[in-house]
Amino acid sequence: MITGPQMRAARALIGIDQKALAELSGLSVPTIQRMEASTGNVRGVVDSLTKVVEALEGAGVELISEGASSAGRGRGVRLKVPVPKP
């Protein structure tokens, strides 16, 4: 659904801190911190994950899944697999 690094990047794109995301999503700051500390997919209560995703999307973030194309318009970033150096 969403990864910790993806959450941090999404916050950076819209210029908000963890406290602001907590307020937008109706969750606590420690919950946001715990979610963002995840190295892979964020695990937690589905309702909490849904609130974060809805808050980010409502603020203008398009979350792109692995291998999916973006249907939206506007600027953004996407993490790619690094190419090994010879």
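Right, let's walk through the structure included here. These numbers were taken from a predicted model, which means no experiment stands behind them.

Further remarks concern the packing of helix H1 (residues 4-14) against helix H3 (residues 29-36). Relative orientation of the contacting elements H1 and H3 amounts to 120°, with a least axis distance of 7 Å. In terms of their interaxial angle, H1 and H3 are classed as oblique. Taken together, the residues of H3 that come into contact with H1 (itself represented by Gly4, Met7, Arg8 and Arg11) are Ile32, Met35 and Glu36. When grouped by side-chain class, the residues that make up the contact of H1 with H3 number three nonpolar, one polar and three charged.

Glancing now at the nonpolar core. Ile2, Met7, Leu21, Ile32, Met35, Val52 and Leu56 are the most contacted members of the largest nonpolar core, which totals 17 residues. Looking at this core, the elements that each hand over two or more residues are H1, helix H2 (18-25), H3 and helix H4 (46-58). In this structure, Met7 is in contact with Ile2, Leu21, Ile32, Met35, Glu36, Val42 and Val52, ignoring residues within four places of it in sequence.

Attention now goes to the pattern of salt bridges. When the charged atoms of two side chains lie near each other, side chains of opposite charge can form a pair. Overall, the coordinates contain two salt bridges when judged by the stated rule. In this structure, the salt-bridge partner of Arg11 is Glu36, at a minimum N-O distance of 2.5 Å. Linking Arg11 in helix H1 with Glu36 in helix H3, this pair joins segments that are 25 residues apart in sequence. The same class applies to Arg11 and to Glu36, which are both buried. In this structure, Lys51 engages Asp47 in a salt bridge whose closest nitrogen and oxygen atoms are separated by 3.5 Å. Placement of both Lys51 and Asp47 in helix H4 is noted, with a separation of four residues, approximately one turn of the helix. Classification of Asp47 as partly exposed rests on a relative accessible area of 46%.

Cut-off values and rules
Residues numbered from 1 in each chain as written. Predicted model: local features only at pLDDT ≥ 70, side-chain atom pairs only at ≥ 80, totals over all residues. Heavy atoms only, no water. Axes fitted to C-alpha atoms, helices over the stretch in contact; angles between N-to-C directions. Helix = DSSP H or I, 4+ residues; strand = E, 2+ residues; numbered from the N terminus. Parallel < 35°, antiparallel > 145°, perpendicular 65-115°, else oblique. Contact = heavy atoms within 4.5 Å. Nonpolar A, V, L, I, M, F, W, Y, C, P; charged D, E, K, R; others polar. Core = buried A, V, L, I, M, F, W, Y, C linked by side-chain atoms within 4.5 Å. Buried < 20%, exposed > 50% of the residue type's maximum accessible area, 1.4 Å probe, protein only. Salt bridge = Lys/Arg side-chain N within 4 Å of Asp/Glu carboxyl O.

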